[in-house]
Structures are given as structure tokens and as C-alpha cells.
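Summary of structural features
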Amino acid sequence: YLAAVAYLDGQDKLPSAVMVRGYYTRAYLWAVDFDGKQLSTKWLHASTSSTSTMHYDSNWNVKGNAYPKNTAGLTNGSKTAYGNGNHNMSVADVDSDGCDEIIWGSCAIDHDGYLKYATGYGHGDAIHLSDLDPDRPGLEVFYVHEENNGNYGWDDHDGDTGEILH
């Protein structure tokens, strides 16, 4: 449903294609590299429920993870990318490690394919990632919610941590 190019191995190195599917429930993000002849999987992130994810590496080895909380502190909101997707996404190095992260609505996936955070506010339609508050270090995400679990129609959160700012 969505695709982007990200430098997951660091800036100015090999770019990867990241393809995303699933907005309302299960969420899948697949990163692939192209060597000029064939595609190869870098990783696959699968948020299969609101509390668990599966991470597949380039050899299809799988590791499951459980998440007990989200960054908004909601008890009823998703703790993974499950139901936290968006109709668009952004790519940026939000943690200044030299590698891009995938910012996708109420959640973010780190450059290695693992969940970085989930706010728990659910699916939405519009997302803007920028240095929205120049007096605050780092990037912020302004997010308009279609469905929300936090009783808000929008939020502003830290692009690196998912901390809810407004």
C-alpha cells in the first residue's frame, strides 16, 4: 500500500526500499535491497497483535517480542504498529544514529526493523514530520487521527521516543 526509500545502513550507503501494508489492524513493513539483479530481504516487521510483533531477519530467522505499554500510557491503545498505521509515512534519522527510521502514524520502526515506539492513539490520515518546535531539540510528529484511543483528534509527539508533547 505504501513504499519509501530509506538509508537503513546509514546515510549515503545502500538505499533500501521499504514497503508497508496494513493500517487498521495487522501491520507489515518489509525492507528490501536491490543489487542490480535481484531483490533480497533486509528484514520484515510484523505487528500481529496490539501487544506482540514478529521480526524476520535477512535469513528469515524469526524473533517474537511482547510490548506491555505504549508511549501515551494508554491501557486500551495498541502497544505495537497494529492499528497504529497511517495512509502515508515519513523517513528520517530521528535518533541521530546515521540510519533512517520509518515514521508511520502512531508508531515508528527503527532502522533494524524492530519497533521503536507506538503511541497507542491508533490509525490516522495525516502525518507531518519536521522540526516543528525549533526551541526543542530533534524532530516532532504532528498526527491527525481518524480513529483515536486517546480522546484526541490529533497529537504532537517526539519523533525519536514517541513521547506525547501535546
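Look a little higher up for the structure.
Presented here is a report on the structure given in the accompanying data block. (Residues numbered from 1 in each chain as written. Predicted model: local features only at pLDDT ≥ 70, side-chain atom pairs only at ≥ 80, totals over all residues. Heavy atoms only, no water.)

Topic: the environment of His123
By secondary structure assignment, the location of His123 is in the loop between strand 10 (115–118) and strand 11 (124–130). Relative accessible area serves as the criterion here: at 0%, His123 is assigned to the buried category. Residues His123 and Leu29, 94 residues apart in the sequence, show an inter-C-alpha distance of 16 Å. (Helix = DSSP H or I, 4+ residues; strand = E, 2+ residues; numbered from the N terminus. Buried < 20%, exposed > 50% of the residue type's maximum accessible area, 1.4 Å probe, protein only.)

Description of the state of the cysteines
The bond known as a disulfide is covalent and runs between the sulfur atoms of two cysteines. Tallying each qualifying case throughout the model produces zero disulfides. Sulfur of Cys107: no disulfide; nearest cysteine sulfur belongs to Cys99 and is 19 Å away. Residue classification places Cys107 among the buried positions, given a relative accessible area of 0%. (Disulfide = S-S within 2.5 Å.)

Things to note about the pattern of salt bridges
Counted according to the given criterion, the structure contains six salt bridges. Two residues, Lys42 and Asp33, come together in a salt bridge whose shortest N-O distance is 3.1 Å. Among the ionic pairs, Lys116 bridges to Asp160, the shortest N-O distance being 3.1 Å. Here Lys116 is found in strand 10, whereas its partner Asp160 is found in the segment after strand 13 (154–158), with 44 residues between them in sequence. Residue Lys116 is classed as partly exposed on the basis of its relative accessible area of 24%. Given the relative accessible area of 26%, Asp160 is considered partly exposed. Within the structure, one salt-bridge network assembled from shared partners comprises Asp9, Asp33 and Lys42. (Salt bridge = Lys/Arg side-chain N within 4 Å of Asp/Glu carboxyl O.)

Digging into the packing of aromatic side chains
What the rule picks out here adds up to five aromatic pairs. Judged by centre distance (6.2 Å) and plane angle (85 degrees), the rings of Tyr23 and Tyr24 are edge-to-face. Note on Tyr24: relative accessible area 40%, which makes it partly exposed. Among the aromatic residues, those joined into a ring-pair cluster are Tyr1, Tyr23, Tyr24 and Trp104. (Phe/Tyr/Trp six-rings, centres within 6.5 Å; stacked < 30°, edge-to-face > 60°.)

A few points about the environment of Gly77
Looking at the element boundaries, Gly77 is found in the loop between strand 6 (62–66) and strand 7 (90–92). Taking relative accessible area as the criterion, Gly77 reaches 2% and is therefore assigned buried. Taking C-alpha positions, Gly77 is 20 Å from Met89, a pair spaced twelve residues apart along the chain.

Examining the pairing of strand 2 (residues 16–21)
With burial as the criterion, only one face of strand 2 is covered, namely that bearing Ser16, Val18 and Val20; the residues Ala17, Met19 and Arg21 on the opposite face remain uncovered. With five bridges joining them, strand 1 (residues 2–6) and strand 2 adopt antiparallel strand pairing. Paired with Ala3 across the strands is Met19, a residue of strand 2. Pairing geometry for strand 2 and strand 3 (residues 27–34), over five bridges, is antiparallel. Bridge assignment links Ala17 to a residue of strand 3, and that residue is Val32. In this antiparallel pair of consecutive strands, strand 2 and strand 3, the connection spans five residues, and Gly22 shows a positive phi of 105 degrees. (Pairing = 2+ DSSP bridges.)

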